[in-house]
Amino acid sequence: YEVAPLHAKATGYVIKVPVDVGDVIRGPRENEPGTLLCELQVPELKEERAQKTAAVAQANAEVLQSDASVKVAEAAVRSADAKVAEAKAAIEREESLYVRWQSEFERVSLLAESGAVTKKVADETRAQRDAADAGRKEVAARVVSVEAQQREAVADLEKARADAVASRSRLAVAEADERRVATMLDYTLIRAPFDGVMVERNVHTGHLVQAGA
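Predicted, not measured: the structure shown is a model, and the values here were computed from it.

Trainee: Looking at this model, I keep getting lost on the environment of Ala-211. Mind explaining?
Mentor: Mapped onto the elements, Ala-211 comes out in the segment after strand S6 (208-209). Ala-211 sits in the partly exposed class, given a relative accessible area of 43%. For the pair formed by Ala-211 and Leu-97, sequence separation is 114 residues and the distance between their alpha carbons is 88 Å. Among all residues touching Ala-211, those that are not within four sequence positions of it are Ala-8, Lys-9, Ala-10 and Thr-11.

So this is what it looks like as structure tokens:
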């Protein structure tokens, strides 16, 4: 009840015509394609498929690399956070030490003025106070430094995450390109659209078939 003239969607050379006029053919089933009627050879499509497959592999490698970079950046942020916490704890310790020696210096200075202790003791106490003051200033500078490292680590993490998103986008594009070429390769296999009988054959092995012909 139906007649379908079959055309090629890809341009190529006929390399196989496994059916002839009068042959009974079957259309596609649930998990089985229709009978193969004609196969075309399109070398440039095969080369393009190989190229797209390689591009997908490269994009996958870039995704793995970017994911690893994110993990490294996250570790760097955690390390920077720990250094900041450690430096801030040191500030409290050095500040307490400075307050202690400042108080001691004031007490010893009064004793030295009254002659209860020697000037040497007062000088030693001042030296301890000055050392504690230098220590707290050093720790404060270290806090500024590690906080700068922390901000840099956070910025690197954000960049690594953005790179990971970009690499996944490139992978999606590469996979889409590969699927497109795979679809074009499927067009080199001309199959029966429904059950029936071959009633006409216009091509033979070696013929050049144009798209749409």
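Picking up where we left off.
Trainee: Help me understand the sheet that holds strand S4 (residues 189-191) in this model?
Mentor: In a beta sheet, neighbouring strands pair by backbone hydrogen bonds and run either parallel or antiparallel. Read across the sheet, four strands follow the order S4-S3-S1-S6 without closing on themselves; strand pairing throughout is antiparallel. Strands with a single pairing partner mark the edges of an open sheet, and in this sheet they are S4 and S6. Examined bridge by bridge, strand S1 (residues 12-16) and S6 share two bridges and lie antiparallel to one another. Across the sheet, residue Gly-12 finds its bridge partner in S6, namely Val-209.

Trainee: Mind showing me how you'd approach the pairing of strand S3 (residues 36-41) here?
Mentor: On any regular strand, side chains alternate: one points to one face of the sheet, the next to the other face. S3 sits mainly inside the fold: five of its six residues count as buried. Here three bridges tie S1 to S3, and the two strands are oriented antiparallel to one another. By the bridge assignment, Val-14 is partnered in S3 with Leu-40. Here three bridges tie S3 to S4, and the two strands are oriented antiparallel to one another. Paired with Glu-39 across the bridge in S4 is Leu-189.

Trainee: Would you take a moment to explain the nonpolar core for this structure?
Mentor: One recurring pattern in soluble globular proteins: nonpolar side chains tend to sit buried together. Listed in full, the eight residues of the largest apolar core are Val-70, Ala-73, Val-77, Ala-80, Ala-153, Leu-157, Ala-160 and Ala-164. The set of elements that each furnish at least two residues to this core consists of helix H1 (43-114) and helix H2 (119-186). In this structure, Val-14, Val-17, Cys-38 and Leu-40 belong to the second largest nonpolar core, which totals seven residues.

Trainee: Explain the side chain of Lys-52 here, please?
Mentor: Relative to the assigned elements, Lys-52 resides in helix H1. Setting aside anything within four residues of it in sequence, one finds Lys-52 in contact with Asp-177, Glu-178, Arg-180 and Val-181.

Trainee: Would you mind going over the packing of H1 against H2 with me for this structure?
Mentor: The description of two helices packed together rests on the angle between their axes and the distance between the axes. Relative orientation of the contacting elements H1 and H2 amounts to 165°, with a least axis distance of 5 Å. Classified by the angle between their axes, H1 and H2 sit roughly antiparallel to one another. Here the hand of the crossing between H1 and H2 comes out left-handed. In the contact of H1 with H2, the residues fall into 38 nonpolar, eleven polar and 28 charged.

Cut-offs used in this document
- Residues numbered from 1 in each chain as written.
- Predicted model: local features only at pLDDT ≥ 70, side-chain atom pairs only at ≥ 80, totals over all residues.
- Heavy atoms only, no water.
- Helix = DSSP H or I, 4+ residues; strand = E, 2+ residues; numbered from the N terminus.
- Buried < 20%, exposed > 50% of the residue type's maximum accessible area, 1.4 Å probe, protein only.
- Contact = heavy atoms within 4.5 Å.
- Pairing = 2+ DSSP bridges.
- Core = buried A, V, L, I, M, F, W, Y, C linked by side-chain atoms within 4.5 Å.
- Axes fitted to C-alpha atoms, helices over the stretch in contact; angles between N-to-C directions.
- Parallel < 35°, antiparallel > 145°, perpendicular 65-115°, else oblique.
- Left-handed = near helix turned anticlockwise from the far one by under 90°.
- Nonpolar A, V, L, I, M, F, W, Y, C, P; charged D, E, K, R; others polar.

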